[in-house]
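Chains, contacts and geometry: an overview
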Amino acid sequence: MTTPRGDTSPGPATPARDTRIVCVTNYKGGVGKTTTIINLAGALAYYGKRVLVVDGDPQGNATDGFRVEMLDEDEGPTQGTVVIDGSDPHPLVAKPFENIHVLPADLDMIYLPSRLRETEGGEFRYARMLRHFHGEYDVILIDQRPAIDTDTNAQAVAADSAIIQVDVDRWAMKAVTRQLAAHLKVNDALGRPEDALQHLGLIIGKVTKPMGAFDQAVYSKLQQHPRLPYLGEIPIRSADLKEAREEGKPVQFFRPRSDTAGFFRDIAVKAGLVEAA
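Residues numbered from 1 in each chain as written. Predicted model: local features only at pLDDT ≥ 70, side-chain atom pairs only at ≥ 80, totals over all residues. Heavy atoms only, no water.

**Describing the sheet that holds strand β6 (residues 161-167)**
Remark on secondary structure: sheet strands pair via backbone hydrogen bonds, oriented parallel or antiparallel. This is how it is decided: At least two DSSP bridges between two strands are needed for those strands to be called paired. Elements are defined by DSSP. Helices are runs of H or I of four residues or more, strands are runs of E of two residues or more, and each kind is numbered from the N terminus. Working convention: axes come from line fits to C-alpha atoms, limited for helices to the stretch in contact. Angles between N-to-C directions cover 0 to 180 degrees. We call two residues contacting when some pair of their heavy atoms lies within 4.5 Å.
Reading across the sheet, the 8 strands line up as β3-β4-β2-β5-β1-β6-β7-β8 and stay open at both edges, with mixed pairing between neighbours. Two strands in the sheet have a free side with no partner beyond their single neighbour: β3 (94-97) and β8 (230-233). With direction set aside, neighbouring strand axes in the sheet form an average angle of 25°. In terms of strand pairing, β3 meets strand β4 (residues 100-103) through 2 bridges, oriented antiparallel. Bridge assignment links Ala94 to a residue of β4, and that residue is Val102. Taken strand by strand, helix α1 (residues 33-46) contacts β1 (20-25), β2 (51-56), β4, β5 (139-144), β6 and β7 (198-205), and its axis lies near 170° from that of β5. Where helix α8 (residues 213-223) meets the sheet, it contacts β6, β7 and β8, and its direction lies at approximately 155° from that of β7.

Structure, rendered in structure tokens:
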């Protein structure tokens, strides 16, 4: 399915918005970040928010999740090229839904970490690129690849907030600790205050129940993390999520009255991205 890409204008003129930029992150892969990105975007759209999803992972799962085609450097500008050269990213934006737009990934983004290392001020290149969208969207969601590298650091510099997603296993607490330390290291290196990146909370994904004693202990520690508010857990066994994914839709658009859709609406509220109704 080919989704129309944008021109240099965001649509009908609207009052300027205060744009929030939120990265959903964990350097450990397979924890469900993309599922959260897609469905949190749907929940925010339900509340009337205008959302841009930035697929920061060259695997392109968030791009594919909205049935958008990945960009190709051989055919024209890509996310990677506009990050480096500072050109206008608007023509790259796909518009699968009225209030959800997508800046697709491209496979050549696998080279982006090295390109950023070779570029002066590389740590600020995502911030510069995303400034093109300020005032057009209420929330920009960045789906980060599972890594701690120059590209994910640059995305964190561009963001004002982060949500950390984790699953329940023996490495969970270590992953959260390392991710928090990575954000602190970036702020320290740039001379920014510790709270320059606000951590909105923690989402637990892929919880298999009933849990054994070890998993239950990890689960309880995550819920009571001293630095991260607990936002909730993804209902992994929900058929709603799988069926919505096959349709290329957030669950809010596929089955809005389901408990699963309600979960992501609750996340949007608990994270402070919308006000409770």
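Text resumes after the structure shown.
**Some thoughts on the layout of surface pockets**
This is how it is decided: The definitions used throughout rest on a 1 Å grid laid over the protein atoms alone, on which a cavity is an enclosed set of points accommodating a 1.4 Å probe that cannot get out and a pocket is an open set flanked by protein within 12 Å on both sides along at least five of seven lines; lining residues are those having an atom within 4 Å of a point. Grid points are joined across faces, edges and corners, and a volume is the space filled by probe spheres set on the points. Note that Gly is not counted as nonpolar here; it falls among the polar residues with everything else outside the nonpolar set of Ala, Val, Leu, Ile, Met, Phe, Trp, Tyr, Cys and Pro and the charged set of Asp, Glu, Lys and Arg.
Reported here for the largest pocket is a volume of approximately 630 Å³. In terms of lining, the largest pocket is formed by 31 residues, of which the most central are Gly32, Lys33, Thr34, Thr35 and Arg245. Among the residues forming the lining of the largest pocket, the class breakdown is 8 nonpolar, 13 polar and 10 charged.

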